[in-house]
Amino acid sequence: MTLSLEAEAARLRLPPGFQVKAFDSVGSTNDEAKALSRSGAPEGTIVWARRQESGRGRRGRAWTSPEGNLYSTTILRPGLPPAEAAQISFVAALAIAETAESVLADPGGVRCKWPNDVLVHDRKLSGILLESEPAADGTVAWVVLGVGINLRHFPATADYGATSLIAEGAPPMGAGALLEVFAGHLATWYGRWRAHGFAPVREAWLSRARGLGGPIVVRLADRTIPGTFADLDSDGVLLLDPTDGGPRQRIAAGDVFFAPPATR
């Protein structure tokens with residue numbers, strides 16, 4: 001007998017302070033989480049759906065959401081200014097990376113790609129979308145952390161390849177089991193970030209950084225800059241040494257590209 005999603009959610013083993021609201025289908029888990037945030041839902045509330053009808057990623061890009069992958073949004077209330085709250089994207093990337101490493105037989109291909117992608121063998125595994133609302137004191141009233149992880153399915157993409165955990169050799173598992181693993185790693189890294197700031201997050205992210213010290217191309221809204229990925233600054237900004245010998249650039253937002261991945 002197949003459990004309803006609500007019944008399955010009730011059986012999940014989640015970290016203390018986390019709870020799940022489950023839906024068979026939503027427009028987007030972020031939109032549901034934003035409505036819950038505005039109505040006072042506590043930190044640690046996770047919206048989980050089997051599928052999304054209008055999922056989206058960064059810059060409004062569509063996020064294909066067939067049943068079989070993990071679609072979740074977690075409500076967080078860090079009480080920090082927007083620039084600091086934006087570091088949650090790195091917290092989430094580490095949680096996703098550790099989730100992938102824990103279920104793959106060969107975790108060596110897991111890498112973090114600036115600003116907030118997780119790759120397996122140079123193919124995109126996941127998407128992260130942060131949205132927030134300001135509080136009167138200049139901090140964020142809440143952050144909703146949307147995460148999609150390709151468990152069974154992955155889309156064809158124009159700019160880079162994609163993959164799924166199953167395609168990379170993960171054992172058969174359901175999205176609920178994956179959510180348990182992810183929530184555990186998210187709780188650990190979110191707690192570490194709240195207690196110790198960005199430094200430990202930065203160190204762990206850099207240890208998995210794709211392309212650090214090598215050539216990249218950064219695509220901005222108005223131009224494209226080739227250069228060397230020099231470092232990650234103390235606030236999460238990418239430091240780029242331009243190929244033309246110009247001064248080091250601080251890149252706060254943009255898309256990073258490498259050479260096309262080798263065919264396997």
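The name given to the chain in an unreviewed UniProt entry is biotin--[biotin carboxyl-carrier protein] ligase, and the organism recorded there is Azospirillum ramasamyi. The heading Catalytic activity (unreviewed entry) in the UniProt record of the chain holds the text "biotin + L-lysyl-[protein] + ATP = N(6)-biotinyl-L-lysyl-[protein] + AMP + diphosphate + H(+)".

A. Highlighting the sheet that holds strand 5 (residues 117-120). Overall, antiparallel pairing links the three strands, which are arranged 4-5-6 in an open sheet. Every interior strand has two partners, whereas the edge strands, strand 4 (110-113) and strand 6 (123-124), have only one. Sheet analysis places strand 4 next to strand 5, joined by four bridges and oriented antiparallel. Residue pairing for strand 5: Arg111 is matched across the bridge by Leu119. Along the sheet, helix 4 (residues 88-103) makes contact with strand 4 and strand 5, crossing strand 4 at roughly 165°.

B. Region of interest: the sheet that holds strand 7 (residues 126-134). Read across the open sheet, the five strands follow the order 1-2-3-8-7; overall the sheet is mixed. Two strands lie at the open edges of the sheet, namely strand 1 (19-26) and strand 7, each paired on one side alone. Taking each pair of neighbouring strands and ignoring which way they run, the sheet shows an average axis angle of 20°. As judged from the four bridges shared by strand 2 (residues 45-52) and strand 3 (residues 70-76), these two strands associate in the antiparallel manner.

C. Expanded view of the packing of helix 4 against helix 5 (residues 175-196). It is the contact of helix 4 with helix 5, at a shortest axis distance of 8 Å, that shows an interaxial angle of 140°. Relative to helix 5, helix 4 is oriented oblique. As for the relative orientation of helix 4 and helix 5, their crossing is right-handed in sense. Side by side, helix 4 and helix 5 meet where Ile88, Val91, Ala92, Leu94, Ala95, Ile96, Glu98, Thr99 and Ser102 of the first sit next to Leu178, Val181, Phe182, His185, Leu186, Trp189, Tyr190 and Trp193 of the second.

Criteria and thresholds
- Residues numbered from 1 in each chain as written.
- Predicted model: local features only at pLDDT ≥ 70, side-chain atom pairs only at ≥ 80, totals over all residues.
- Heavy atoms only, no water.
- UniProt positions renumbered as here; feature names shortened; annotations may be inferred.
- Pairing = 2+ DSSP bridges.
- Helix = DSSP H or I, 4+ residues; strand = E, 2+ residues; numbered from the N terminus.
- Contact = heavy atoms within 4.5 Å.
- Axes fitted to C-alpha atoms, helices over the stretch in contact; angles between N-to-C directions.
- Parallel < 35°, antiparallel > 145°, perpendicular 65-115°, else oblique.
- Left-handed = near helix turned anticlockwise from the far one by under 90°.

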